Amino acid sequence: MKHIIAVNASPRSEWNTGQLVEEAAKGAKEAGAAIEVIHLYKLEPFRGCISCFGCKLPRTFGQCISKDSLSEVLAKIRKADGLILGSPNYLGNLTAAFRALYERLVFQYLTYNKERPNCNEHMIPVLLITTSNCDEKVYDTYGYTSMLENYKRMLDSYVGPTKVMICGNTLQVEDYSIYNWTVFDPVQKKANHEELFPLKLKEAYELGSGLV
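Below you will find a few notes about this structure. Sequence order as written defines the numbering, with residues in each chain counted from 1. At least 70 in pLDDT is required for a residue's local features to be given in this predicted model, at least 80 for side-chain atom pairs to be given and counted, and no such filter applies to totals for whole chains, interfaces and linings, which use all residues. Calculation of side-chain values draws on the structure's entire complement of heavy atoms; hydrogens and water are dropped beforehand.

### Things to note about the overall build of the protein chain
How we decide: Each helix is a run of H or I in the DSSP string that is no shorter than four residues. Each strand is a run of E no shorter than two, and both are numbered from the N terminus. Radius of gyration: C-alpha atoms only; globule rule: 2.2 Å multiplied by the number of residues to the exponent 0.38. Exposure classes here rest on a 1.4 Å probe applied to the protein chains alone. A residue is buried below 20% of its type maximum, exposed above 50%, and partly exposed in between. Working rule for contacts: check all heavy atoms of both residues, and any pair within 4.5 Å makes them a contact. To measure how exposed things are, a 1.4 Å probe is used in the Shrake-Rupley method; for residues, cover is taken only from the protein chains shown.
Along its length, the protein chain carries 6 helices and 6 strands. Put simply, the protein chain runs from its N terminus to its C terminus through helices and strands in the order β-α-β-α-β-β-α-β-α-α-β-α. For 212 residues, the compact-globule estimate of 2.2 N^0.38 gives 17 Å, and the protein chain sits close to it at 18 Å. When the backbone C-alpha atoms are referred to their principal axes, the protein chain occupies close to 60 × 35 × 30 Å. Going through the 212 residues of the protein chain one by one, you find that 47% of them count as buried. When contacts within the protein chain are restricted to residue pairs at least 6 apart in sequence, those whose partners lie at least 24 apart make up 78%. Just so you have it, the protein chain exposes about 11,100 Å², and 54% of that area is on carbon and sulfur atoms.

Structure (structure tokens):
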């Protein structure tokens, strides 16, 4: 049986990103995989790469040696048969929690060696799910497309073949009336969510199933 690790890097475990990650995990489970869903913001405090270069030493080559609650997550990913990653877009990039995991996941495999640039001997398929308040139509304008292409390129190179799923123009909150957010049309936001989000859930399910 294949084992899939699904990681939600949104602080809101039951909102847009969390739902999409759970649905992708459900797709993988119903395709026959064993699933573990990890919510990064529910873990004990952790940090990104501290540039200690322990993963470059012979004794610990290819393994991040920084010890915190991400250590177990990284160990599970190293043994997994597939990986689902989900993060909302905050200020034009993925979340700080995602970045911390991403830095330590990728950098441990980067060797700085011309003959063998990647020491990961267990490459696995990756599904990267990202959500944003911003509409997908303007991703190119805001640089979001190139940002995601860079994540895909690095994950392709050091973790495994990566597919990116985008869910834009999301519903940020249930009740817009309690905020002075005059740039949004709450009626349009709600209507868009009710019409399109179920389709995105279906897409996530199918992509998750495809990992298996």
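Moving on from the model shown.
### Concerning the pattern of salt bridges
Stated formally: A side-chain nitrogen of Lys or Arg and a carboxyl oxygen of Asp or Glu constitute a salt bridge if their distance falls within 4 Å.
Tallying each qualifying case throughout the model produces 9 salt bridges. Lysine 200 is the partner of glutamate 136 in a salt bridge, and the nearest nitrogen-oxygen pair spans 3.4 Å. Within this pair, whereas glutamate 136 is found in the loop between β5 (126-131) and α4 (139-142), its partner lysine 200 is found in helix α6 (residues 186-211), the two being separated by 64 residues in sequence.

### What to know about the nonpolar core
To keep it simple, the criterion reads: The nonpolar core is taken to be a set of buried Ala, Val, Leu, Ile, Met, Phe, Trp, Tyr and Cys residues, with the residues joined through side-chain atoms within 4.5 Å.
Membership of the largest hydrophobic core comes to 37 residues, with the highest contact counts inside it found for Leu83, Leu85 and Leu101. Among residues more than four places away in sequence, those in contact with leucine 83 are Ile4, Ile5, Val7, Ile77, Leu105, Ile124, Pro125, Val126, Leu127, Val159 and Leu211. By size, the runner-up hydrophobic cluster in this structure holds 17 residues, among which are Ala25, Ala28, Ile129 and Leu201.

### Considering the side chain of asparagine 89
Going by this rule: Under this definition, polar contacts are N or O atom pairs within 3.5 Å; protein pairs additionally need one hydrogen-donor-capable and one acceptor-capable atom, and for neighbouring residues in sequence, both atoms have to be side-chain atoms.
Within the fold, asparagine 89 resides in strand β3 (residues 82-90). A polar side-chain atom of asparagine 89 sits 3.2 Å from the main-chain amide nitrogen of asparagine 93. With residues near it in sequence (within four places) discarded, asparagine 89 still touches Leu94, Thr130, Thr131, Ser132, Tyr144 and Met147.

### A look at the packing of helix α2 (residues 70-79) against helix α3 (residues 96-107)
Defined as follows: To obtain each axis, a line is fitted to C-alpha atoms, and for helices this fit is confined to the stretch in contact; angles are then taken between N-to-C directions over 0 to 180 degrees. Here is the rule for angles: anything less than 35 degrees is roughly parallel, anything more than 145 is roughly antiparallel, 65 through 115 is roughly perpendicular, and the remaining ranges are oblique. Should the near helix be turned counterclockwise from the far one by less than a right angle, the crossing is left-handed, whereas a clockwise turn marks it as right-handed. Amino acid classes used here: Ala, Val, Leu, Ile, Met, Phe, Trp, Tyr, Cys and Pro are nonpolar; Asp, Glu, Lys and Arg are charged; the rest, including Gly, are polar.
At their nearest, the axes of α2 and α3 sit 11 Å apart, and the two run at 55° to each other. The pairing of α2 with α3 is recorded here as oblique in orientation. Judged by the sense of rotation from one axis to the other, the crossing of α2 with α3 is right-handed. Along the contact surface, α2 presents Leu70, Ser71, Val73, Leu74 and Ile77, while α3 presents Ala100, Leu101, Arg104 and Leu105. Per-class residue counts for the contact of α2 with α3 are 7 nonpolar, 1 polar and 1 charged.

### Thoughts on the pairing of strand β1 (residues 3-8)
Strand residues, when the strand is regular, have side chains that alternate between the two faces of the sheet. Threshold: Following DSSP output, two strands are said to pair if at least two bridges run between them. We call a crossover right-handed when, viewed with both strands directed away from the observer, the connection leading from the first strand over the helix to the second proceeds clockwise.
Counting buried positions along β1 gives 5 out of 6 residues, so the element sits mostly inside the fold. Pairing geometry for β1 and strand β2 (residues 34-39), over 6 bridges, is parallel. What sits directly across from valine 7, in β2, is isoleucine 38. Note that the unit made of β1, helix α1 (residues 16-30) and β2 has a crossover that is right-handed. Across 5 bridges, the pairing between β1 and β3 is parallel. Bridge assignment links alanine 6 to a residue of β3, and that residue is isoleucine 84.

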